[in-house]
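# Survey of secondary and tertiary structure
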Amino acid sequence: TDVKKGDLLYTLERPPYQAAVNIQKATVAQAEAQLENGNLELRRKQELVQKNAGTQQALDSAQATQRVQAAQLISAQAQLETARINLDYTEIHSPIDGRIGRTSVTIGNVVSPASGTLTTVVSQDPMYVVFPVPTRRAIELREEYSKKGGFDAVKIRLRLPDGRIYAQTGKLDFINNAIAQDTDTFLFRGVIPNPVLASATAGGVKLRELVADGFVTVLVESVQPKPVIAVPRAAILADQQGSYVYVVDDQNIARQRRVSLGQVTPETAGIVDGLKEGEQVVVEGVQRARPNSPVTPALASPVASRS
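Residues numbered from 1 in each chain as written. Predicted model: local features only at pLDDT ≥ 70, side-chain atom pairs only at ≥ 80, totals over all residues. Heavy atoms only, no water.

### Describing helix H3 (residues 135–145)
Since the α-helix turns once every 3.6 residues, residues separated by three or four places project in the same direction. The condition is simple: Buried residues are those whose accessible area, probed at 1.4 Å on protein chains only, stays under 20% of the maximum for their type, while exposed residues exceed 50% and partly exposed ones sit between those limits. Each helix is a run of DSSP H or I of at least 4 residues and each strand a run of E of at least 2, with the numbering of both proceeding from the N terminus. To be clear, the arc concerns the directions from the helix axis to the C-beta atoms. Residue contacts follow a heavy-atom distance rule, with two residues in contact if any of their heavy atoms lie within 4.5 Å.
Every buried residue belonging to H3 is among Thr135, Ala138, Leu141 and Tyr145, and all of these are buried. Along the long axis of H3, the arc covered by the buried residues comes to 115°, so they all point the same way. Within H3, the exposed residues directed more than 90 degrees away from the buried face are Arg136 and Glu143. Contacts from the buried residues of H3 go to strand E6 (127–134), strand E7 (154–159), strand E9 (185–192) and strand E12 (217–222).

Shown next as structure tokens:
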């Protein structure tokens, strides 16, 4: 179920700790009474000395006794505070808003500091996504976005395990200060909203799309989209030398053109270098095209066009 910060989760056996508090309260009261009497005695000795009716030795003794009693009161108050802290430990409250998991103990179980974790409360909204980024790519991201606002220039999108793109958009909020030596990567963290699903419940508990410790694919995108040339994925061919496409020139001749790919999806391929806007690319019948051979160009089918 969902719990709020401060909700009572467990109650441990309280009577022994409550009794300890009561004992310390009595000790404090006794120390206060002794200090009050010591203060009175000190004032009497001071008055007698001022009237030349008492000795300095008696005054010094009363003053020392009063200081000891003051220290005893402070000690008793500290012990009372310790007893109250121990009593508070008998009630375990949720430290955060979140969803509580399976409990490892039930009513009647004996617990101690060695019992380990009793249960886990996981924050539900927002959620944090942690992912590694190769050092070289991290340096490229830093150079690209440092002058555009840094973290604020980047947004986080998630691809869920079933292939869907998560509807919410997050932001980058942390980069680790050291490189993981075994993988040569920086650890990045993003924060992303995880609202309640409108119509999904289980046992009266409202469900959310993201669940703690789940695996997702992280997409790091620019807040300001960068225009790129893109072609249908079917137009991309590859050999030992790399990727290429067939470009149809003004004489309807298919020319092989080497290209550098950017972001690639199952439907489209971004072209970083090798194509210019407006050039015609063979999309259908690519396998039949040959370099420097004439073709009869025609518009691609609607399905291919949407790719």
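### Here's the deal with the sheet that holds E7
Where strands meet in a sheet, backbone hydrogen bonds hold them as pairs that are either parallel or antiparallel. For clarity, the cut-off: At least two bridges found by DSSP between two strands is the condition for calling them paired. Here the axes come from fitting lines to C-alpha atoms, over the contacting stretch only for helices, and the angles between their N-to-C directions go from 0 to 180 degrees.
Reading across the sheet, the five strands line up as E6-E9-E8-E7-E12 and stay open at both edges, with antiparallel pairing between neighbours. On the outer flanks of this sheet lie E6 and E12, each paired with one strand and no other. When the angles between neighbouring strand axes are averaged without regard to direction, this sheet yields 40°. Each of E6, E7, E9 and E12 is contacted by H3, which is oriented at about 110° to E6, the strand it contacts most.

### Some thoughts on the confidence of the model for the chain
Inclusion rule: A residue's pLDDT is the predictor's confidence in that residue, given on a scale from 0 to 100.
When pLDDT is averaged across the chain, the result is 85; 96% of the residues are at 70 or more. Within the chain, no element has a lower average pLDDT than helix H4 (residues 302–306), which sits at 47, and none a higher one than strand E2 (residues 8–11), at 92. For residues 303–307, every residue scores under 50 in pLDDT, and the model assigns this stretch seven contacts once sequence neighbours within four places are set aside.

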